[in-house]
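Listed here are the chains, written in short residue letters.
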Amino acid sequence: MTKPRKKGAAALPLNTILDGDCIEVMNSLPENSVDLIFADPPYNLQLKGDLHRPDNSKVDAVDDEWDQFSSFAAYDKFTREWLAAARRLLKPTGAIWVIGSYHNVFRMGAELQNQGFWILNDVVWRKSNPMPNFRGKRFTNAHETMIWASKSEGSKYTFNYEALKSLNEGVQMRSDWVLPICTGHERLKNENGEKAHPTQKPESLLHRVLVGSTNPGDVVLDPFFGTGTTGAVAKMLGREFIGIEREEEYRKVAEKRIKSVKKYDKEALEVSTSKRAQPRVPFGQLVERGMLRPGEELTSMNGRYKAKVRADGTLVGKDVKGSIHQVGAAYEGAPSCNGWTYWTYKKEGKKVPIDLLRQEIRAEMARPN
């Protein structure tokens, strides 16, 4: 799965893990070619020594070479360069998620705005099982912050509002997400039985990000791929992925992990959409197709009013004529009316909402040819 970087590559290396420096690799890929970027860059923790628990056992903290920078200026330069490379790759309709701790997220947020990204939300990932603060000199670090941004102000981006609402038991998804850190069977181990990566993110976090801000078939790039959580979840959800990872040990773990992942079937990948996202069906189309006939009488759902269908897809009632919405609103003395749910027709002697006929047409439109 790992492929060497090829300068000037014309095609996207989909579903592969690329070896190399993330800035160089991103700059070698085609411009405006990626739908979403999820980035979990080095935190720049500035650790000054080992961290121990109260029983004097050593904490496996983030002390790897890749997280060490000589100064804030050096880290800011790195942030500026990788974000510029990322912005070049994003389609005009693309978006980016960055995640970080208090050590780096504010610096990233400022640079996002400096480069013309448009911040949509900051999302707090509140860890339900955070690591305690063993020194007892500060609050327990129980959250990380994610920033979600579109490529520019006013650009269109994917937001599956209804799908996220469904994930949250029918309630609008908030910007504070309570999810556990990666533990137990999900925590990947190396050949020595140790944590394969110190900051492995839980699949639940990426599931929510990808369901909420991508669609099946979209291309998701992760420039700090690590052990491949983004790739694993993308594969499961029917998204294409590109990973960039310079550490060979992490790449090996990620390759093995992703190889064992199975993609969900097409039906399982479908998510709830808003009614506004569904294909528009004019009422006149029901008349054109003979599903309702000119002269046929419609009755209001409450049974108080009647109106006749006309050949041009309008209705005529007592002292009123117009669209299904206008006539319904006039009868009810209301500023507006949803005619699709207001009017019924007779089918086998029973009142049936005309909206069922619209749904029949939409179902036909959704079927493959």
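About the cut-offs
- Sequence order sets the numbering: in each chain, residues are counted from 1 along the sequence as written.
- In view of the model being predicted, local features appear only for residues whose pLDDT reaches at least 70, and side-chain atom pairs are presented and counted only at 80 or more, with totals across whole chains, interfaces and linings using the full set of residues.
- Side-chain calculation: all heavy atoms of the structure are included, whereas hydrogens and water are not.
- Secondary structure elements follow DSSP: runs of H or I of four or more residues count as helices, runs of E of two or more count as strands, with numbering from the N terminus.
- Contact definition: two residues touch when any of their heavy atoms are within 4.5 Å.
- Method for areas: the Shrake-Rupley scheme with a 1.4 Å probe, in which residue coverage is limited to the protein chains shown.
- Aromatic pairs are defined between Phe, Tyr and Trp rings, using the six-membered ring for Trp, whenever the two ring centres lie within 6.5 Å; interplanar angles under 30 degrees are classed as stacked, those over 60 as edge-to-face, and all others as tilted.
- Throughout this description, buried means an accessible area under 20% of the type-specific maximum (1.4 Å probe, protein chains only), exposed means over 50%, and partly exposed covers the range between.
- Here, over-ring charges are defined by two tests on the NZ atom of lysine or the CZ atom of arginine: distance to the ring centre within 6 Å, and angle to the ring normal within 35 degrees.
- Each patch is assembled from residues with relative accessible area greater than 30% and no salt bridge, linking like charges that lie within 9 Å and nonpolar side chains (Val, Leu, Ile, Met, Phe, Trp, Tyr) that lie within 5 Å.
- Any carboxyl oxygen of Asp or Glu that lies within 4 Å of a side-chain nitrogen of Lys or Arg is treated as forming a salt bridge with it.
- Lines fitted to C-alpha atoms define the axes, with helix axes restricted to the stretch in contact, and inter-axis angles between N-to-C directions lie between 0 and 180 degrees.
- Roughly parallel covers angles under 35 degrees, roughly antiparallel covers those over 145, roughly perpendicular covers 65 to 115, and oblique covers all other angles.
- Crossing chirality is assigned from the near helix's rotation relative to the far helix, an anticlockwise turn below a right angle marking it left-handed and a clockwise turn marking it right-handed.
- Note on residue categories: nonpolar means Ala, Val, Leu, Ile, Met, Phe, Trp, Tyr, Cys or Pro, charged means Asp, Glu, Lys or Arg, and polar means any other residue, Gly included.
- Side-chain atoms within 4.5 Å link the members of a nonpolar core, which is a set of buried Ala, Val, Leu, Ile, Met, Phe, Trp, Tyr and Cys residues.
- N or O atoms closer than or at 3.5 Å make up a polar contact, with two conditions inside protein: a donor-capable atom paired with an acceptor-capable one, and, for residues adjacent in sequence, both atoms drawn from side chains.
- Strand pairing is assigned whenever DSSP detects at least two bridges linking the two strands.

Asks: What's the story with the overall build of the protein in this structure? I'm lost.
Replies: Counting its regular elements, the protein contains twelve helices and 15 strands. Within the protein, counting contacts between residues at least 6 apart in sequence, those at least 24 apart form 66% of the total. Summed over its atoms, the accessible surface of the protein is roughly 20300 Å², and 49% of this surface lies on carbon and sulfur atoms.

Asks: What is the right way to read the packing of aromatic side chains from this model?
Replies: Each aromatic ring pair is characterised by the separation of its centres together with the angle its planes make. Tallied over the entire structure, the rule returns 13 aromatic pairs. A ring pair is formed by Tyr75 and Phe78, whose centres lie 6.2 Å apart and whose planes are at 55 degrees; its orientation type is tilted. On the criterion of helical spacing, the pair formed by Tyr75 and Phe78 is a turn pair, its members being three residues apart in helix 2 (residues 72-89). Side by side, Tyr75 and Phe78 carry an identical accessibility label, which is buried. Ring centres of Phe283 and Trp340 lie 6.0 Å apart, and the angle between their planes is 65 degrees; this geometry places the pair in the edge-to-face category. Pair noted here: Phe283 is in helix 9 (residues 283-288) and Trp340 is in helix 11 (residues 339-342), with a separation of 57 residues, a long-range link. Neither Phe283 nor Trp340 differs from the other in exposure class; each is buried. The cationic tip of Arg208 hangs over the ring face of Trp177; the distance from NZ or CZ to the ring centre is 5.0 Å.

Asks: Can you help me understand unusual backbone geometry in this one?
Replies: Negative phi is the rule for most residues except glycine; trans is the rule for most peptide bonds. Not every positive phi belongs to a glycine, and Asn15 is a case in point at roughly 55 degrees. Its identity is not glycine, yet Glu169 carries a phi of approximately 55 degrees, on the positive side. In this structure, Glu169 sits in the loop between helix 4 (161-167) and strand 7 (176-179). The exposure class assigned to Glu169 is exposed, which follows from its relative accessible area of 76%.

Asks: Would you mind showing me how to read a nonpolar patch on the surface here?
Replies: Judged by side-chain polarity, Tyr157, Phe159 and Tyr161 come together as a nonpolar surface patch covering roughly 270 Å² of accessible area. Mapped onto the elements, Tyr161 comes out in helix 4.

Asks: How should the packing of helix 6 (residues 229-236) against helix 7 (residues 248-259) be read in this particular structure?
Replies: For any two helices packed against each other, the geometry is given by the interaxial angle and the distance between the axes. Remark: helix 6 packs on helix 7, axes separated minimally by 9 Å, with the N-to-C direction vectors making an angle of 15 degrees. Between helix 6 and helix 7, the angle is such that the two are roughly parallel. Seen from above, helix 6 lies across helix 7 with right-handed handedness. Every residue of helix 7 that contacts helix 6 at Thr229, Gly231, Ala232 and Lys235 is listed here: Arg257, Ile258 and Lys259. Of the residues assigned to the contact of helix 6 with helix 7, the class counts are two nonpolar, two polar and three charged.

Asks: What is the right way to read the packing of helix 5 (residues 203-213) against helix 6 from this model?
Replies: Two elements in contact, helix 5 and helix 6, have axes whose closest approach is 9 Å; the angle formed by their N-to-C orientations is 55 degrees. Classified by the angle their axes make, helix 5 and helix 6 are oblique. Seen along the crossing, helix 5 lies across helix 6 with a hand that is right-handed. Each of Glu203, Leu206, His207 and Leu210 in helix 5 lies in contact with helix 6, whose residues at this interface are Thr229, Thr230, Ala232, Val233, Ala234 and Met236. A per-class count over the contact of helix 5 with helix 6 returns six nonpolar, three polar and one charged.

Asks: Would you explain helix 10 (residues 324-332) in this entry?
Replies: For an α-helix, 3.6 residues make a turn, and residues three or four places apart therefore share a direction. Listed as buried for helix 10 are Ile324, Val327, Gly328, Ala329 and Tyr331. Considering only its buried residues, helix 10 is in contact with helix 9, strand 11 (306-309), strand 12 (315-317), strand 13 (320-322), helix 11 and strand 14 (343-347).

Asks: Could you clarify how one ought to interpret the pattern of salt bridges in this entry?
Replies: Pairing between side chains becomes possible if they bear opposite charge and their charged atoms approach one another. Inspection of every chain in the model, using the stated rule, returns 13 salt bridges. Across the salt bridge formed by Asp35 and Lys91, the nearest N and O atoms sit 3.0 Å from each other. Here Asp35, found in strand 3 (residues 34-39), pairs with Lys91, found in strand 4 (residues 90-100); they are 56 residues apart in sequence, far enough to count as distant. We classify Asp35 as buried; its relative accessible area is 14%. Between Glu203 and Arg257 there is a salt bridge, with the nearest N and O atoms lying 3.1 Å from each other. Pair noted here: Glu203 is in helix 5 and Arg257 is in helix 7, with a separation of 54 residues, a long-range link.

Asks: Teacher, can you tell me more about the nonpolar core here?
Replies: As a rule of thumb, nonpolar side chains are buried together in soluble globular proteins. Trp97, Met146, Trp177, Leu205, Val209 and Leu210 are the most contacted members of the largest nonpolar core, which has 32 residues in total. For this core, the element with the highest residue contribution is helix 5, accounting for five residues. If sequence neighbours within four positions are ignored, Leu210 has contacts with Leu36, Val220, Thr230, Val233, Ala234, Leu237 and Arg239. Counting 30 residues, the second-largest nonpolar core is a separate cluster that includes Leu18, Val34, Trp82 and Ala149.

Asks: Looking at this structure, how should I read the side chain of Asn104?
Replies: Along the chain, Asn104 falls in the loop between strand 4 and helix 3 (105-114). A polar contact of 3.2 Å, which involves the side chain of Asn104, links it to the backbone oxygen of Pro42.

Asks: When you look at the pairing of strand 15 (residues 350-353) in this model, what are you seeing that I'm missing?
Replies: When a strand is regular, its side chains alternate between the sheet's two faces. One ladder, built from four bridges, connects strand 14 with strand 15; its direction is antiparallel. Each residue of the ladder has a partner; that of Thr344, found in strand 15, is Pro353. Between the end of strand 14 and the start of strand 15, which pair antiparallel, lie two residues, with Glu348 showing a positive phi angle near 55 degrees.

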